[in-house]
Amino acid sequence: MNNIEQSNKPSIVVLASGNGSNFQVLAEKSLSGELIANVRALIVDRACGAIERAKKLGIEVIILSKPWYEDFEKVINDLKPDLVVLAGFMRIIPEHIVAKYFPRIVNIHPSLLPAFPGKDAIKQAYDYGVKVTGITIHFVDAGVDTGPIIFQKAIEIEESWDLETLESKIHELEHENYWRVINNLLQKPHKIEGRKVKWGV
Ligand code: GAR
């Protein structure tokens, strides 16, 4: 792909705080052309595994310095991405930033919200003994995993599964679906009415 084609693509930035497996899938799908957006940068708030993955893929890494949210705002203002994609970014976005960018920030969460928000959602669900869990992709508002829901996918937990098995099944679901949902958001008309995300309108 030449530079002109590349620059005509929508652009996204991905934010991560941890391992970065979701970031890596998004970056690879972008490079293969399956994700229609260009991954402009990986943005992190700490030293984490995602950085090495970005370096291997030749994607710019921006490390936010303190206070992270001032830097975050500046970076978003400079890069002007079409969509800000949180992928394991373990920070609550301050209300004034959400107000400025809503609905252009999305997040993925490893449970069927509103069940098990916050940290360690897979373990929360596993320990609770639910029979069905899953993933949620949602617009980011000022709460913790509370924004309007774009997409959910459920999975039945089999009795033989340990926590590690469930974690890998959930990550598989995330990797299969996040890039597809981002493609939809960038290509298909949609609107948000209250808490409801409606397509094709
Ligand atoms: C993912 O499971 C994501 O859903 C979760 O962090 C993990 C990051 O994994 N996010 C949250 O819990 C947000 N509340 P990764 O770094 O390998 O992509």
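Residues numbered from 1 in each chain as written. Predicted model: local features only at pLDDT ≥ 70, side-chain atom pairs only at ≥ 80, totals over all residues. Heavy atoms only, no water.

The chain carries the name Phosphoribosylglycinamide formyltransferase in an unreviewed UniProt entry, which gives Fervidobacterium pennivorans as its organism. On record in UniProt, under Pathway (unreviewed entry), the comment for the chain is "Purine metabolism; IMP biosynthesis via de novo pathway; N(2)-formyl-N(1)-(5-phospho-D-ribosyl)glycinamide from N(1)-(5-phospho-D-ribosyl)glycinamide (10-formyl THF route): step 1/1." What UniProt states about the chain under its Catalytic activity (unreviewed entry) heading is, verbatim, "N(1)-(5-phospho-beta-D-ribosyl)glycinamide + (6R)-10-formyltetrahydrofolate = N(2)-formyl-N(1)-(5-phospho-beta-D-ribosyl)glycinamide + (6S)-5,6,7,8-tetrahydrofolate + H(+)". (UniProt positions renumbered as here; feature names shortened; annotations may be inferred.)

In this chain, lysine 66 is followed by proline 67 through a cis amide linkage whose omega measures -10 degrees. Here proline 67 lies in the loop between strand 3 (61–63) and helix 4 (68–79). Along the chain, leucine 113 connects to proline 114 via a cis peptide bond; the corresponding omega equals 15 degrees. Its location among the elements puts proline 114 in the loop between strand 5 (105–109) and helix 6 (121–128). With phi around 50 degrees, aspartate 120 is a residue other than glycine that occupies positive phi space. Within the fold, aspartate 120 resides in the loop between strand 5 and helix 6. Residue classification places aspartate 120 among the exposed residues on the basis of a relative accessible area of 56%. (Helix = DSSP H or I, 4+ residues; strand = E, 2+ residues; numbered from the N terminus. Buried < 20%, exposed > 50% of the residue type's maximum accessible area, 1.4 Å probe, protein only.)

Turning our attention to the UniProt feature "binding site: (6R)-10-formyltetrahydrofolate" (unreviewed entry) in the chain. As annotated in UniProt, the feature "binding site: (6R)-10-formyltetrahydrofolate" (unreviewed entry) corresponds to Met90, Arg91, Ile92, Ile93 and Asn107 in the numbering used here. The annotated residues occupy 18 residues of the chain but converge on a single region, no pair of C-alpha atoms lying more than 11.2 Å apart. Among the structural elements, isoleucine 92 can be located in the loop between strand 4 (83–86) and helix 5 (95–101). Here isoleucine 93 is to be found in the loop between strand 4 and helix 5. For isoleucine 93, a relative accessible area of 3% gives the class buried.

The subject of this paragraph is the environment of valine 98. Of note, valine 98 is situated in helix 5. Judged by relative accessible area, which is 7%, valine 98 ranks as buried. A C-alpha to C-alpha distance of 24 Å links valine 98 and glutamate 60, two positions 38 residues apart in sequence. For valine 98, the residues in contact, after removing those within four places along its chain, are Ile93, Val140, Asp141 and Ala142. (Contact = heavy atoms within 4.5 Å.)

Quick look at the site of the ligand now. For the ligand, the set of nearby residues contains 13 residues, the closest of which are Gly20, Ser21, Asn22, His109 and Glu174. One of the backbone nitrogen or oxygen atoms of glycine 20 is found 2.7 Å away from an oxygen atom of the ligand. Side-chain polar atom of histidine 109 to a nitrogen atom of the ligand: 3.0 Å apart, as the coordinates give it. Alone, the ligand offers 450 Å² of accessible surface; in the complex the protein occludes 90% of this. Of all the elements in the fold, those that place two or more residues in the shell around the ligand are helix 2 (21–32), strand 5 and helix 7 (163–187). (Near = heavy atom within 4 Å. Polar contact = N/O pair within 3.5 Å; in protein donor to acceptor, adjacent residues only side chain to side chain. Areas by Shrake-Rupley, 256 points an atom, 1.4 Å probe, with all protein chains shown as cover.)

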